[in-house]
Amino acid sequence: GELEYSWDFGDGGTSDEPNPVHTYTETGTYEAELTVTDEDGNTASDSIEITATDCGPGPIDPSDQFDGDQLDECRWSEIVRPVPDQLSVGGGELAIDTGNGTDMFGGTTNAENLVLQPAPDAPWEITTEMTMPFSGKDYEQASLFVYGSDANWAKLSFILTPNGRFFEFTLQSGGQAIFDPALDYSPELGPEFPDTAFVRIRNDG
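Residues numbered from 1 in each chain as written. Predicted model: local features only at pLDDT ≥ 70, side-chain atom pairs only at ≥ 80, totals over all residues. Heavy atoms only, no water.

Peer 1: So, the overall build of the protein: which residues are in play, and what are the values?
Peer 2: Summing up its helical and strand segments, the protein has 1 helix and 16 strands in all. With the C-alpha coordinates aligned to their principal axes, the bounding extent of the protein is approximately 75 × 35 × 35 Å. Counting over 205 residues, the protein shows a buried share of 28%. Once local pairs closer than 6 in sequence are excluded, the contacts in the protein between residues at least 24 apart make up 46%. Averaging the locations of the 7 positively and 40 negatively charged side chains of the protein gives two centres separated by 17 Å. (Helix = DSSP H or I, 4+ residues; strand = E, 2+ residues; numbered from the N terminus. Buried < 20%, exposed > 50% of the residue type's maximum accessible area, 1.4 Å probe, protein only. Contact = heavy atoms within 4.5 Å. Lys, Arg positive; Asp, Glu negative; His and termini not counted. Charge placed at Lys NZ, Arg CZ, Asp CG, Glu CD.)

Shown next, in the form of structure tokens:
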């Protein structure tokens, strides 16, 4: 039979249309709820959390500049497993406190604060300056990611292992780590190697 629709967009806006369009006039996080009622008075409801931003239309040119004291969420539009108190912006830098007992390798995909922006059309090259002071956590690392999901990604890491400090490249495909220690580790960097380095990943299309 006929259904009646009742939308509550969480900002005072409502609608009785099946597929309405609603624009939030203030940035923030809202809970939009839909209630559907049939001819017999039976109802069902569901809701979704919506984050409204003041980002302009269209894509933003890729960049790893960190201006101001807040993460530009129009550029960095996704954070995987966010832990806000372990992430800060200041002095032109993004600082992330590494987790303890977290990683991205094979079946272990619990690393936090993967800060992402959309990749440009291929081919492309991404380069960033990265500092890893190493605080003593096992296999502590800072990584530059190309991320599709927890099952599919590539990362270039500045990593501390029991054998020393290395650059390491790992590819994850279909949930399986594709990693060859003979090919995917740099030579051991030695104690004189600085904590800051430039890292680059290139996509040839």
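Peer 1: Any details on the sheet that holds strand E15 (residues 176–178)? Residues and values, ideally.
Peer 2: The strand order across the open sheet built from 4 strands is E12-E13-E14-E15, with neighbouring strands paired in antiparallel fashion. Every other strand in the sheet has two partners, leaving strand E12 (141–149) and E15 as the edge strands with one partner each. Sheet twist, expressed as the average angle between the axes of neighbouring strands with direction ignored, equals 25°. For E12 and strand E13 (residues 152–161), the ladder comprises 8 bridges, and the chain directions are antiparallel. Of the residues in E13, the one forming a bridge with Ser-149 is Asn-152. (Pairing = 2+ DSSP bridges. Axes fitted to C-alpha atoms, helices over the stretch in contact; angles between N-to-C directions.)

Peer 1: Pulling in residues and values, what's your account of the nonpolar core?
Peer 2: Soluble globular proteins tend to bury their nonpolar side chains together. Ranked by size, the top nonpolar core spans 13 residues in total, and within it Met-130, Met-132, Phe-158, Phe-167, Val-199 and Ile-201 carry the most contacts. For this core, the secondary structure elements donating two or more residues are strand E11 (124–131), E12, E13 and strand E16 (196–203). Grouped together as the second largest cluster of nonpolar side chains are 7 residues, Met-104, Ala-111, Phe-145 and Trp-153 included. (Core = buried A, V, L, I, M, F, W, Y, C linked by side-chain atoms within 4.5 Å.)

Peer 1: Residue-level account of the layout of surface pockets, with values.
Peer 2: Here the second largest pocket defines a volume of roughly 380 Å³. Taken together, 17 residues line the second largest pocket, and the ones lying closest to its centre are Leu-71, Glu-73, Trp-76, Ile-79 and Leu-87. When residues of the lining of the second largest pocket are traced back to their parent elements, those giving at least two are strand E5 (78–80) and strand E6 (87–90). For the lining of the second largest pocket, the leading source of residues is E6, giving 3 residues. (1 Å grid on protein atoms, 1.4 Å probe; cavity = no way out; pocket = protein on both sides within 12 Å on 5 of 7 lines; lining within 4 Å. Points joined across faces, edges and corners; volume = space filled by probe spheres on them.)

Peer 1: Lay out the pattern of salt bridges with the relevant residues and their values.
Peer 2: Side chains that carry opposite charge are capable of pairing whenever their charged atoms lie near each other. Following the criterion strictly, the structure yields 6 salt bridges and no others. Asp-103 is paired through a salt bridge with Lys-155; the nearest N and O atoms lie 3.5 Å apart. Note that Asp-103 is positioned in the loop between strand E7 (93–96) and strand E8 (104–105) and Lys-155 in strand E13, a separation of 52 residues in sequence. We classify Asp-103 as partly exposed; its relative accessible area is 24%. In this structure Lys-155 comes out as buried when scored by relative accessible area, which is 2%. Residues participating in the shared-partner salt-bridge network are Glu-125, Arg-200 and Arg-202. (Salt bridge = Lys/Arg side-chain N within 4 Å of Asp/Glu carboxyl O.)

Peer 1: Describe the state of the cysteines, naming the residues involved and giving the relevant values.
Peer 2: Per the counting criterion, the structure on display carries 1 disulfide. Note on cysteine connectivity: Cys-55 is disulfide-linked to Cys-74, with sulfurs 1.9 Å apart. Here the disulfide of Cys-55 and Cys-74 is left-handed, its torsion about the S-S bond being about -95°. Taken together, the positions of Cys-55 in the loop between strand E4 (43–52) and E5 and Cys-74 in the loop between E4 and E5 put the pair 19 residues apart, joining distant regions of the chain. By relative accessible area, Cys-74 is classed as partly exposed at 23%. (Disulfide = S-S within 2.5 Å.)

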